[in-house]
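Residue-level structure breakdown
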Amino acid sequence: MIKYVARRVALLIGISFVISIGSFYLIHLLPGDPAVFILGTNDSPANRAILFKQLGLDRSIVTQYLIWIGHVLHGNLGISFISHNSVVSTIKAALPIDLEMIFLSQIVAFASAVPLAMRSARKPDGWLDRVLGAGSFTLLSVPPFIIIVLLVLFVSIKLGVANTGPASFVPLSQNFLVNLESLVLPSFTLSVGSFVVYYRVLRSDLIATLQEEFITMARSKGISARRIMWRHAFRPSSVALLGTAGVNIGGLLASGFVVQYLLAIPGLGYTLISAIDTSDYLLVQGIVLVVSVGVVFINFVFDFIINIVDPRISRE
Amino acid sequence: MSPDSRHLLEVDQLSTTFATPHGLLPAVSEVSFTLQEDETIGIVGESGSGKTVLARTIMGLQPMTNIQVEGSVLINGFQVVGASDPEKRKHWGTDVAMVFQDPMTSLNPVMRIGKQIDETLRVRLGMSRQSAKARAIELLTLVGIPSSTERYDAFPGELSGGMRQRVVIATALACSPKLLLADEPTTGLDVTIQAQILNLLGELQQRLHMSVVLITHDLGVVATRTSRLIVMYAGRVVEIGETRDIFAHHRMPYTRALLDSSPRISNPSHTRLLAIPGRPPNLLNLPNGCSFAPRCSFATDQCHNERPPLTPSSEPGHSFACWNPLPISTRSEMS
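These figures come from a predicted structure and were not determined experimentally.

The next subject is the overall build of chain B. Across its full length, chain B holds eleven helices and twelve strands. A compact globule built from 335 residues should have a C-alpha radius of gyration of about 20 Å, and chain B, at 21 Å, falls within 12% of that. Projected onto its principal axes, the C-alpha positions of chain B cover 65 × 50 × 45 Å. The buried share among the 335 residues of chain B stands at 43%. Expressed as a percentage of contacts within chain B between residues at least 6 apart in sequence, the contacts between residues at least 24 apart total 63%.

The helix and strand inventory of chain A stands at 14 helices and zero strands. Along chain A, from the amino end to the carboxyl end, the secondary structure elements read α-α-α-α-α-α-α-α-α-α-α-α-α-α. Projecting the C-alpha coordinates of chain A onto the three principal axes gives extents of approximately 85 × 55 × 35 Å. Split into buried and exposed, the 316 residues of chain A put 33% on the buried side.

Residue and element names in this part refer to chain B. Reading across the sheet, the four strands line up as S2-S1-S4-S5 and stay open at both edges, with antiparallel pairing between neighbours. The open sheet has two free edges, formed respectively by strand S2 (23–36) and strand S5 (78–79), since each of these has just one partner strand. The sheet contact formed by strand S4 (residues 67–75) and S5 spans two bridges and is antiparallel. Along S5, the bridge assignment pairs Ile75 with Phe78. Seen against the sheet, helix H1 (residues 51–59) touches strand S1 (7–20), S2 and S4 and runs at an angle of roughly 65 degrees to S2.

Residues and elements named next belong to chain B. Here we have eight strands laid out as an open sheet, ordered S6-S7-S8-S3-S9-S10-S12-S11, and mixed in their pairing. A strand with exactly one partner marks an edge of an open sheet, and here the two such strands are strand S6 (96–99) and strand S11 (311–312). In the packing of H1 onto the sheet, the strands contacted are strand S3 (40–44), S6, strand S7 (179–183), strand S8 (211–216) and strand S9 (228–233), and the crossing angle to S7 comes to about 155 degrees.

In this structure, Ala170, Leu180, Leu181, Ala182, Val213, Val231 and Val238 of chain B are the most contacted members of the largest nonpolar core, which totals 90 residues. Counting residues per element, this core draws most heavily on helix H6 (residues 161–173) of chain B, which supplies seven residues. Setting aside residues no more than four positions away along its own chain, Ala170 of chain B makes contact with Ile117, Leu139, Leu140, Leu142 and Val143 of chain B. Of all hydrophobic cores here, the second largest spans 57 residues; its members include Leu132, Ile147, Phe169 and Val259 of chain A.

Moving on, we come to the interface of chain A and chain B. Taken together, the contact pairs 22 residues of chain A with 24 residues of chain B. Mapped by element, the contributors of at least two residues to the side of chain A that touches chain B are helix H9 (213–220), helix H10 (225–237) and helix H14 (312–315) of chain A. Ranked by residues supplied to the side of chain A that touches chain B, first place goes to H9 of chain A with seven residues. Looking at the side of chain A that touches chain B residue by residue, the class counts come to eight nonpolar, five polar and nine charged.

Let's shift gears to the packing of helix H7 (residues 144–158) of chain A against helix H8 (residues 176–210) of chain A. All names here are of chain A. Relative to each other, H7 and H8 sit at 140 degrees, their axes nearing to 9 Å. In terms of axis orientation, H7 runs oblique to H8. Taken as a pair, H7 and H8 cross one another with a handedness that is right-handed. Facing Pro144, Ile147, Ile148, Leu151, Val152 and Val155 of H7, the residues of H8 in contact are Leu185, Pro186, Phe188, Thr189, Leu190, Val192 and Gly193. Looking at the contact of H7 with H8 residue by residue, the class counts come to eleven nonpolar, two polar and no charged.

Once that is clear, we can look at the domain arrangement of chain A. All names here are of chain A. Domain boundaries in chain A define domain 1 (2–73) and domain 2 (87–315). Put simply, the middle of domain 1 and the middle of domain 2, counted by C-alpha atoms, are 34 Å apart. If you look at the interface, domain 1 gives twelve residues, while domain 2 gives 13 residues.

Residue and element names in this part refer to chain B. The end-to-end C-alpha distance of helix H3 (residues 113–125) is 18 Å, a good match for the 18 Å that 13 residues give at a rise of 1.5 Å each. Those residues of H3 that sit buried are Ile113, Gly114, Gln116, Ile117, Asp118, Glu119, Thr120 and Leu121. Where the residues of H3 are buried, they touch helix H4 (129–142), helix H5 (148–151) and H6. A positive backbone phi angle near 65 degrees is found at Gly126, which sits one or two residues after H3.

With that settled, consider the environment of Gly70 of chain A. Locating Gly70 of chain A in the fold gives a position in helix H4 (residues 61–73). Along the sequence, Gly70 of chain A and Phe52 of chain A sit 18 residues apart, while their C-alpha atoms lie 20 Å from each other.

To continue, consider the environment of Glu10 of chain B. All names here are of chain B. The topology assignment puts Glu10 in strand S1. A C-alpha to C-alpha distance of 31 Å links Glu10 and Arg135, two positions 125 residues apart in sequence. Apart from the residues within four sequence positions on either side, Glu10 is in contact with Thr34 and Leu74.

Attention now moves to unusual backbone geometry. Within the chain, Ala264 of chain A stands out as a residue other than glycine whose phi angle is a positive 55 degrees. Looking at the secondary structure, you find Ala264 of chain A in the loop between helix H11 (239–263) and helix H12 (268–277). Classification of Ala264 of chain A as exposed rests on a count of 12 C-beta atoms within 10 Å. Although it is not a glycine, Asp38 of chain B adopts a positive phi angle of roughly 70 degrees.

A few words now on the environment of Pro309 of chain B. In this fold, Pro309 of chain B is placed in the loop between helix H11 (301–305) and S11. The class of Pro309 of chain B is exposed, set by 11 C-beta atoms lying within 10 Å.

What follows is about the packing of helix H1 (residues 2–29) of chain A against H4 of chain A. All names here are of chain A. Interhelical geometry of H1 versus H4 gives an angle of 115 degrees and a closest axis separation of 11 Å. Between H1 and H4, the angle falls in the class roughly perpendicular. Classified by chirality, the crossing of H4 by H1 is right-handed. Contact residues: Ser20, Ile21 and Phe24 in H1; Tyr65, Trp68, Ile69 and Val72 in H4. Here the residues of the contact of H1 with H4 are counted per class, giving six nonpolar, one polar and no charged.

Each value, and the rule that gives it
- Residues numbered from 1 in each chain as written.
- Chains lettered and ligands numbered in written order.
- Predicted model: local features only at pLDDT ≥ 70, side-chain atom pairs only at ≥ 80, totals over all residues.
- Helix = DSSP H or I, 4+ residues; strand = E, 2+ residues; numbered from the N terminus.
- Rg over C-alpha atoms; globule rule 2.2 N^0.38 Å.
- Buried ≥ 20, exposed ≤ 12 C-beta atoms within 10 Å, placed from the backbone.
- Contact = placed C-beta atoms within 7 Å.
- Pairing = 2+ DSSP bridges.
- Axes fitted to C-alpha atoms, helices over the stretch in contact; angles between N-to-C directions.
- Core = buried A, V, L, I, M, F, W, Y, C linked by C-beta atoms within 7 Å.
- Nonpolar A, V, L, I, M, F, W, Y, C, P; charged D, E, K, R; others polar.
- Parallel < 35°, antiparallel > 145°, perpendicular 65-115°, else oblique.
- Left-handed = near helix turned anticlockwise from the far one by under 90°.
- Domains from an automatic or database assignment.
- Expected span 1.5 Å × (residues − 1).

Dropping the structure here:
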């Protein structure tokens, strides 16, 4: 187990290193002279040359990377040329909103997918299983930006529920309840895709597990169907579910962007799109780095959980 | 059987039929037998003769869908046939328990073995966490698992096949069942371990005063360990009686064929074993007469057209289903 974790951590560091090179190089792919970009086209070439040197752009690209990664490891992602705010503080303000949305959406998705998958698996091809199968497939084909628009249309506008529509976001620190209200629709929207995937993955794995001989043996002990489902079938059936959840949560950052943009919620996605609009490249670089490392880290955490859930995996 | 002895298990005209996409499959047909307290009965037959289905039907473990069960099974007075799962659950584990065939698949791979044993104790007997754990460790010791306190926390994957089967037995014994159904308990194990497990079962049967139904395809297994024997073919009882009578005075040619196909210590080495010609019949398309007739060298027209009923033989409790039984004087080389 310790060996396995050590190997995984080494892999995590390796992948993060590759990501850092990628996001560093991103800036270099941009056309134009940064000095011109910062000082504007009217400044003198002499001033530009000074700035060029100040920025360290005269050094080799490897040296530049080493200086940059040194700063990154000390928690410094630079200061935006556009807003003159520190990139780290901008990200620190936006990231909790994404985390909150993802957290809420995952609670809804798991709390609905797990019991419903169990119900379906108990009687495959029963009426509930058929309804859920057809329903989940329909939901799968509706993209989040349609769901959020429909939800806003019905809930915020037709029903007139307060604090749910566009631009109604209130930070968590300001008012917890209003904050929650303002994130209900976007979190729900994000949960739909997760629910469908989790429900389908868990349902089919549960159906397979329930055929196993050890389930028959558990029944022969005289324990309840409910206990067999939760204590015997759920755990060995949840490996694929957890793996999917790891990948899916990473993906949620991307679908979160769309929802945030539509409702003007100042999370990472909204910030990223604004940064692209204003050519705030350092901010773009910072967000890309944080999101990519975050996705890798989430998958690492889920791999770890899978190992605890199914000890066979690290033994092999 | 003395009339006043109590029947722990009464199976009467039990039939199990599966509805398959290809038609009805009679896996078990009109099986009747009784079992007294403290008695061990053996059920033998080739693979596919319906032994496992019979055991699961007796316990009522079959899934409810696509299955038709007729007849009656009384375990300690409880009618299993037609009972709902919640009703049967009250008897599973405490009145009747099963030792499963394959220890590699019958334990939950992601649950510590100790937890699998004390789950039964806590749920069924309402034991506290500590006393259930203590009892589980006791049970592990009882079935001969060394350093059982440490093994309590092991996962099944960390144990050998023989050790796992001991865990399966310990789990079945947890609530001291009156009736134990052992469904080929040693088939998945190598020969030296087989004897250990069977001896363990025999020892426990005597110590705990259980009745045991020992299912096997290996006649050597039942010879010394059972008082009575049922020979099954194509889902039917073809011969039933005291074990020594079956070995010495069997009447059904199938029983003879089964005996001839088992190796014996008394035979000189390199004796060729006799394989039974042909294959067991397709249960979806059974012959009208005796199911064994197509493979039987004594078969007549009557055998092919009319099914032989169970007929009493000369010894008490010994019956066979055959139109052309082996003569009574026939003695197997065994006796």
